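Survey of secondary and tertiary structure
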Amino acid sequence: MLVSSTQMLQKAREGKYAVGQFNINNLEWTKSVLLACEEMRSPVILGVSEGAGKYMCGFKTVTAMVKAMVEELGITVPVSLHLDHGTYEGAKKCIEAGFTSIMFDGSHYPIEENIEKTKELVGICHDLGLSLEAEVGAIGGEEDGVIGNGEVADPNECKMIADLGIDMLAAGIGNIHGVYPENWKGLNFEVLEQISKITGDMPLVLHGGTGIPADMIKKAISLGVSKINVNTECQLSFCAATRKYIEEDGDKKSKGFDPRKLLKPGAEAIIETVKEKIELFGSAGKA
Ligand code: 13P
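Below you will find a few notes about this structure. The written sequence of each chain sets the order in which its residues are numbered from 1. Local features in a predicted model are, by the rule used here, given only for residues with pLDDT of at least 70; side-chain atom pairs are given and counted only at 80 or more, and totals for whole chains, interfaces and linings are based on all residues. No hydrogens and no water enter the side-chain calculation; it runs on all heavy atoms of the structure.

1. Observations concerning the environment of tyrosine 17
Structurally, tyrosine 17 is set in the loop between helix H1 (6-15) and strand S1 (19-23). Exposure categories follow from relative accessible area, calculated using a 1.4 Å probe and restricted to protein chains: below 20% of the type maximum is buried, above 50% is exposed, and the middle band is partly exposed. When its relative accessible area of 6% is taken as the criterion, tyrosine 17 is described as buried. Separated by 205 residues in sequence, tyrosine 17 and serine 222 place their C-alpha atoms 7.9 Å apart. When checking whether two residues touch, look at their non-hydrogen atoms; a contact exists if any pair is within 4.5 Å. Setting aside chain neighbours within four positions, we find tyrosine 17 in contact with Met8, Lys11, Ala12, Ile221, Val225, Ser226, Phe281, Gly282, Ser283 and Lys286. Strands are runs of DSSP state E lasting at least 2 residues, helices are runs of H or I lasting at least 4, and numbering of each runs from the N terminus.

Encoded structure:
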């Protein structure tokens with residue numbers, strides 16, 4: 001059974017660890033993430049961007065696949081199916097399709113409009129027992145066509161959005177989607193601390209988890225980050241393992257071109273990456 005993200009994140013906030021949101025792209029990806037989390041006894045949030053949802057033939061296909069996979073693989077850890085950086089329309093579609101957790105990214109709207117739309121979606125989600133993530137201050141970089149300029153969140157605006165009763169808050173603190181540039185200045189812990197103080201025990205979300213050094217991850221968790229999103233890092237591991245397989249002529253060996261063999265090294269690489277992140281985030285054994 002799929003669950004909302006609320007309880008797992010409240011437990012993480014109290015226990016000073018973070019639950020990973022691992023974005024999925026296809027069947028192999030989903031299987032790898034679920035198997036890694038089950039092995040580590042970690043709760044998990046499966047992230048689906050609107051672009052990935054479209055790629056996987058729509059949100060209803062994704063929900064059906066994830067539900068069936070949880071059952072058929074015998075997954076017993078809490079699994080939340082979460083829309084990543086949803087538009088207002090995308091959020092409504094995912095609610096209808098059976099997602100258990102929604103992110104509405106209204107960070108590009110003026111704050112009044114972000115508040116208005118977030119407020120409406122909190123009501124809808126909570127009536128159905130779903131969790132809602134909101135965003136203040138854009139995350140830098142690009143993810144599936146969602147482009148942000150890396151604006152640092154205003155703690156007072158964070159407070160206004162948090163007071164709407166949302167379940168988790170993503171706040172821009174210098175984090176970026178994708179690989180961090182050489183000259184990246186790091187996370188803005190001063191602002192994170194202010195946001196954490198002003199929003200009380202709200203679970204905070206750190207987007208752009210790929211490539212953030214371990215000491216910064218740990219410090220962010222100590223300041224209230226309870227959910228960390230990872231997407232690019234699994235893509236890089238998958239890609240590197242697949243490249244290695246082909247460059248070593250794996251596909252030319254006995255039936256090595258069979259997709260079940262061809263995609264295996266990449267799928268195994270995702271499992272390893274997810275397990276490393278679970279160790280770092282401290283969610284192992286917290287299921
Ligand atoms: P990365 O691709 O940088 O890991 O970011 C993932 C993310 O924040 C998803 O919303």
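From this point, the narrative continues.
2. Considering the pairing of strand S2 (residues 44-49)
Across the six residues of S2, six count as buried, placing the element largely inside the fold. Side chains Val44, Leu46 and Val48 project from S2 onto one buried face, and the interleaved Ile45, Gly47 and Ser49 project onto a second face that is buried too. Two strands pair if DSSP finds at least two bridges between them. Where S1 meets S2, three bridges bridge the pair, whose relative direction is parallel. Each bridged residue has a counterpart across the sheet, and for glutamine 21 the counterpart in S2 is isoleucine 45. Looking at chain direction, S2 and strand S3 (residues 79-86) are connected through six bridges and run parallel. Bridging from a neighbouring strand, isoleucine 45 pairs with serine 80 of S3.

3. Quick look at unusual backbone geometry
Of note in the backbone geometry, lysine 16 takes a positive phi value of approximately 55° without being a glycine. If you trace the backbone, lysine 16 turns up in the loop between H1 and S1. For lysine 16, a relative accessible area of 53% gives the class exposed.

4. What to know about the side chain of serine 131
Its location among the elements puts serine 131 in strand S5 (residues 131-136). A polar atom in the side chain of serine 131 sits 2.7 Å from the side chain of serine 101. The residues contacting serine 131, other than those within four sequence positions of it, are Ser4, Ser5, Thr6, Thr100, Ser101, Ile102, Cys125, Asp167 and Met168. Polar contact is defined as a pair of N or O atoms within 3.5 Å, subject to the rule that within protein one atom must be able to donate a hydrogen and the other to accept it, and that residues adjacent in sequence are counted only when both atoms are side-chain atoms.

5. Here's the deal with the site of the ligand
Near the ligand you find 15 residues, and of these Asp84, Gly178, Gly208, Thr210 and Thr232 are the closest. A distance of 2.8 Å is found between an oxygen atom of the ligand and a side-chain nitrogen or oxygen belonging to aspartate 84. Within the side chain of histidine 85, an N or O atom sits 3.4 Å from an oxygen atom of the ligand. Looking at the shell around the ligand, the elements that each hand over two or more residues are S3 and strand S10 (225-230). In the scheme used here, Gly and all other residues not listed as nonpolar or charged are polar, with Ala, Val, Leu, Ile, Met, Phe, Trp, Tyr, Cys and Pro taken as nonpolar and Asp, Glu, Lys and Arg as charged. Residue classes in the shell around the ligand are distributed as two nonpolar, 11 polar and two charged. Note on terminology: near, applied to a residue and a molecule or strand, indicates that one of the residue's heavy atoms is within 4 Å of it.

6. Overview of the packing of aromatic side chains
Paired rings are identified among Phe, Tyr and Trp, the last through its six-membered ring, by centres lying within 6.5 Å, and are further divided according to the angle between planes into stacked (under 30 degrees), edge-to-face (over 60) and tilted (the rest). With the rule as written, the count across this model stands at five aromatic pairs. Judged by centre distance (6.5 Å) and plane angle (75°), the rings of tyrosine 88 and phenylalanine 104 are edge-to-face. Pair noted here: tyrosine 88 is in helix H5 (residues 88-97) and phenylalanine 104 is in strand S4 (residues 101-104), with a separation of 16 residues, a long-range link. The pair tyrosine 88 / phenylalanine 104 is uniform in exposure class, with both members buried. When the ring of tyrosine 180 is compared with that of tryptophan 184, the centres are 4.0 Å apart and the planes differ by 40°; the resulting orientation is tilted. Just as tyrosine 180 is buried, tryptophan 184 falls in that class too. Here the aromatic residues Tyr88, Phe104 and Tyr109 are joined through ring pairs into a cluster of three or more.

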